[in-house]
Amino acid sequence: MTDPAPLTIDIDGWEGPLDLLLALARSQKVDLRQLSILQLVDQYLTYVNEARELRLELAADYLVMAAWLAYLKSALLLPRDPEIEPSPEEMALRLQLRLERLAAMREAGARLVARDRLGRDVFTRGAPEGLKTVRKSRWQAEIYDLIAAYGQISARTRPVMHIVAVRPVMTLEDAIHRVSELIGQRIEWSTIESFLPEDASGSYRKSALASSFVAALELAKQGRVEIRQKSAFAPLYLRGIEA
Amino acid sequence: MTPPDETMRAVEAVLFAAEQPLTLADLRAYVGDEADIVAALAALSETYTGRGIELVERGGRWHFQTAPDLANFLRRDREDSRKLSRAGIETLAIIAYHEPVTRAEIEAIRGVQISKGTLDVLMEAGWIRPAGRREVPGRPLMYATTPEFLSHFGLASRRDLPGIDDLRAAGLLDPVDLAFEAAHSEAGGGEAVETPDEDD
Amino acid sequence: MTPPDETMRAVEAVLFAAEQPLTLADLRAYVGDEADIVAALAALSETYTGRGIELVERGGRWHFQTAPDLANFLRRDREDSRKLSRAGIETLAIIAYHEPVTRAEIEAIRGVQISKGTLDVLMEAGWIRPAGRREVPGRPLMYATTPEFLSHFGLASRRDLPGIDDLRAAGLLDPVDLAFEAAHSEAGGGEAVETPDEDD
């Protein structure tokens, strides 16, 4: 194996084994497609050995690559064993394809950053006036919304006149008069409902019931009526007190 | 027109990229002492005559600017259609019915405070305008509607706004709670409340 | 040279005043729908040929910039704040030439893991962006370049990437597996190592 120009050992300069391999491949000064993989393997192994002699700490992935390359080299040199898959040639081809791709991208990156770059080589206007977007709102409202809103405000805030319709009610006076008249005829306990007019219905009946109840309380206070109720919401019974 | 020479191109590029107007000395510092900056500026100035951009000198400093007559192209209006808020429509209604009216008066009628933004929106819409000051302590500003208000709402004049009686007839004055009670008691079979004319 | 008409002047002024490159749609929004913007751009482009300023299209967006050959007059002496690491340059190139591409695919090409900061720096510069997920197990994020990338590197489109046609023709943008299959089947599995027949 011809030893290529010795590389200076600078392990920190490489971004991994593939990067180092590419640099070594370049030192063969051939198109990567003409690359001698065996020579590359030797170059790599030499490099790693030198680094070890210098007691440099080598990252594990460099050593893994070294082991794999050593295996590849022996496989390439030994008589072919058709049982082994993939074949050493295939492994070597894959390595070469990877190196080609890395080299291509490395070169592309270099060409890219060498272009005339905005803010470095070419410049946009230093003090542009700027463009304005004037955002205008076109407000929507219909005449109905306007009128309805005013109606609602008026309804909400105008002094409300309460017109109480003529309601069919039994006044307290009527109820007192009625209950005191009827009670004279009832010696037995009678429900308060039995004191209501028979034709009373609806809200008039409710009114009559309420007034009759208050009338009963008033008459009880006067000592003219007794009231009995077994429990809350149970029927309310009235009976006259004999004078 | 002068064909661009190197100095002229350099002056053009330097002025274009500059963040501030540049003096002759500034230009020399970039382009070089030997160059005939003055001639380049004159040639550029001529080149840009009648174009969208012009080269101008203000107090010994040179810069490019867009041609003043094109200012209208440098802004673009974007119209968004937006619905007026409830506060907005109510405030507008009060102003329309009561104008001229102060903010405090609007609040008294509405029974709710109005934010400054509400009046701003109505002003931006072009529907209201300041209309003098009320001659009371503090001289508050009064507001009134505009001709745009009338045309937007299709009114020939403010007299076309329906009056209170019209509103009542249209059922628009029904207090919400009264209507509720009516509906409620009807459902309960009673005939308690005088049914307000709800029918349209 | 075309004498400047109104549209041309307006387009010139709008592009001049803009803080960002503008698309045709942007220009239409400012200059008007009826105007023949494309013709105005072509005329302007011609007018500015050979001048200190040039009109360029980058990824469908137009802007004025100084002519590249005048860089020596303009180069500012602040250090290039966007100095990229070698890893950054390679990663950017891989994304630009392969987009959309996942992190694992970038790492496969470079043979090393990408440190987290590398993608961050490119993203912060506004040159790359996440571009969906690859529909494979793990659904890895893909990356692609941005319009700012094209502007910054002076590319009208990705087709302008240096050497991209040659790289594609040589199969160098295909994954190793694909290239391997091709080379292997052509060579019939024989002595493919030293001279794989890659040329199309």
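Residues numbered from 1 in each chain as written. Chains lettered and ligands numbered in written order. Predicted model: local features only at pLDDT ≥ 70, side-chain atom pairs only at ≥ 80, totals over all residues. Heavy atoms only, no water.

### Considerations on the overall build of chain A
Looking only at helices and strands, chain A features seven helices and four strands. Secondary structure of chain A in N-to-C order comes out as α-α-α-α-β-α-α-β-α-β-β. Per-residue burial over chain A gives 39% buried out of 243 residues. In chain A, of all internal contacts separated by at least 6 residues, the share reaching a separation of at least 24 is 56%. Of the roughly 14,100 Å² of accessible surface on chain A, a fraction of 55% belongs to carbon and sulfur atoms. (Helix = DSSP H or I, 4+ residues; strand = E, 2+ residues; numbered from the N terminus. Buried < 20%, exposed > 50% of the residue type's maximum accessible area, 1.4 Å probe, protein only. Contact = heavy atoms within 4.5 Å. Areas by Shrake-Rupley, 256 points an atom, 1.4 Å probe, with all protein chains shown as cover.)

### A few points about the sheet that holds strand E2 (residues 190–191) of chain A
As a general point, the strands of a sheet are linked pairwise by backbone hydrogen bonds and lie either parallel or antiparallel. Residue and element names in this part refer to chain A. Strand order in the open sheet formed by three strands is E2-E4-E3, with antiparallel pairing between adjacent strands. In this open sheet, the two strands that pair with only one neighbour each are E2 and strand E3 (225–228). With two bridges joining them, E2 and strand E4 (residues 237–240) adopt antiparallel strand pairing. Of the residues in E4, the one forming a bridge with Ser190 is Leu238. Here helix H7 (residues 202–221) sits on the sheet and contacts E3 and E4; the angle it forms with E3, its principal contact strand, is near 120 degrees. (Pairing = 2+ DSSP bridges. Axes fitted to C-alpha atoms, helices over the stretch in contact; angles between N-to-C directions.)

### Here we look at the interface of chain C and chain A
Each side of the interface is counted separately: chain C has 64 residues, and chain A has 47 residues. Between chain C and chain A lies a buried interface of about 4,900 Å² when both sides are counted; carbon and sulfur atoms form 59% of it. At the boundary of chain C with chain A, the tally comes to 14 residue pairs in polar contact (both at pLDDT 80 or more). Mapped by element, the contributors of at least two residues to the side of chain C that touches chain A are helix H1 (6–17), strand E3 (61–66), helix H4 (71–74), helix H5 (86–98), helix H6 (103–110), helix H8 (147–152) and helix H10 (176–187) of chain C. Looking at which element gives the most residues to the side of chain C that touches chain A, the answer is H5 of chain C, with nine residues. Grouping the constituent residues of the side of chain C that touches chain A by class yields 37 nonpolar, twelve polar and 15 charged. (Buried area = accessible area lost by both parts, 1.4 Å probe. Polar contact = N/O pair within 3.5 Å; in protein donor to acceptor, adjacent residues only side chain to side chain. Nonpolar A, V, L, I, M, F, W, Y, C, P; charged D, E, K, R; others polar.)

### Considering the pattern of salt bridges
Scanning all chains against the criterion turns up 32 salt bridges over all chains. Notably, a salt bridge pairs Glu129 of chain A with Arg125 of chain A, separated by 2.5 Å at the nearest N-O pair. The class of Glu129 of chain A is partly exposed, set by a relative accessible area of 35%. Of the charged contacts, one joins Arg9 of chain B and Asp69 of chain C as a salt bridge, the two residues approaching to 2.8 Å between their closest N and O atoms. (Salt bridge = Lys/Arg side-chain N within 4 Å of Asp/Glu carboxyl O.)

### Regarding H5 of chain C
An α-helical turn contains 3.6 residues, so any two residues separated by three or four positions project in the same direction. All names here are of chain C. With 13 residues, H5 extends 18 Å from end C-alpha to end C-alpha; this agrees with the ideal 18 Å at 1.5 Å per step. Counting buried positions along H5 yields twelve of 13 residues, so the element is predominantly enclosed. The set of residues buried in H5 consists of Ala87, Gly88, Ile89, Glu90, Thr91, Leu92, Ala93, Ile94, Ile95, Ala96, Tyr97 and His98. (Expected span 1.5 Å × (residues − 1).)

### Regarding the packing of H5 of chain C against H6 of chain C
All names here are of chain C. One can describe the packing of H5 onto H6 by two numbers: an axis separation of 10 Å at closest approach and a directional angle of 115 degrees. The handedness of the crossing between H5 and H6 comes out as right-handed. Judged by residue contacts, Ala87, Glu90, Thr91, Ile94, Ile95 and His98 of H5 engage Ile106, Ile109 and Arg110 from H6. Each residue belonging to the contact of H5 with H6 can be placed in one class, and the counts come to five nonpolar, two polar and two charged. (Left-handed = near helix turned anticlockwise from the far one by under 90°.)

### As for helix H4 (residues 88–113) of chain A
Here H4 of chain A is 26 residues long and its end C-alpha atoms lie 38 Å apart, about the 38 Å a rise of 1.5 Å per residue gives. Across the 26 residues of H4 of chain A, 20 count as buried, placing the element largely inside the fold.

### Here we look at the packing of aromatic side chains
Under the criterion given, the structure shown has ten aromatic pairs over all chains. Here Tyr150 of chain A and Tyr97 of chain B contribute two aromatic rings whose centre-to-centre distance is 3.8 Å and whose plane-to-plane angle is 5 degrees, an arrangement assigned as stacked. Highlighted residues: Tyr150 of chain A in helix H5 (residues 143–157) and Tyr97 of chain B in helix H4 (residues 86–98), drawn from two different chains. Across the pair, Tyr97 of chain B and Tyr150 of chain A agree in class, each one buried. On the basis of an interplanar angle of 50 degrees and a centroid distance of 5.1 Å, the ring pair of Phe149 of chain C and Phe153 of chain C is categorised as tilted. For the pair Phe149 of chain C and Phe153 of chain C, one class covers both residues: buried. Site record: aromatic cluster; members linked through ring pairs are Phe16, Tyr48 and Phe64 of chain B together with Phe16, Tyr48 and Phe64 of chain C. Note that Arg228 of chain A overlies the ring of Trp189 of chain A, its terminal NZ or CZ placed 4.9 Å from the centroid. (Phe/Tyr/Trp six-rings, centres within 6.5 Å; stacked < 30°, edge-to-face > 60°. Lys NZ or Arg CZ within 6 Å of the ring centre and 35° of its normal.)

### Brief notes about the interface of chain B and chain C
Listed per partner, the contact involves 27 residues of chain B and 27 residues of chain C. Carbon and sulfur atoms make up 62% of the area that chain B and chain C hide from each other, which totals about 2,700 Å². Among the residues of chain B in contact with chain C, Phe16, Arg51 and Phe73 of chain B are the three that bury the most area, contributing 25% of the side total. In this assembly, chain B and chain C are joined by four salt bridges.

### Things to note about the side chain of Thr145 of chain C
Residues and elements named next belong to chain C. Along the chain, Thr145 turns up in strand E6 (residues 141–145). A distance of 2.5 Å separates a polar atom in the side chain of Thr145 from a polar atom in the side chain of Glu99. Contact partners of Thr145, with chain neighbours within four places excluded, come to Ile95, Ala96, Glu99, Trp127, Ile128, Arg129 and Arg158.

### Here's the deal with the confidence of the model for chain B
Residue and element names in this part refer to chain B. When the pLDDT values of chain B are averaged, the result is 82; 84% of them are 70 or greater. Every residue in residues 176–200 is under pLDDT 50, and counting partners more than four places away or in other chains gives 13 contacts. Scored as a whole, the predicted complex attains pTM 0.65, and scored at its interfaces, ipTM 0.68. (pLDDT = per-residue confidence, 0-100.)

### Focus on unusual backbone geometry
Residue and element names in this part refer to chain B. Along the chain, Glu99 connects to Pro100 via a cis peptide bond; the corresponding omega equals -5 degrees. Inspection of the secondary structure puts Pro100 in the loop between H4 and strand E4 (101–102). In this structure, Arg139 takes a positive phi of about 40 degrees despite not being glycine. Topologically, Arg139 is positioned in the loop between strand E5 (128–133) and strand E6 (141–145). Arg139 gets classed as partly exposed once you look at its relative accessible area, which sits at 41%.

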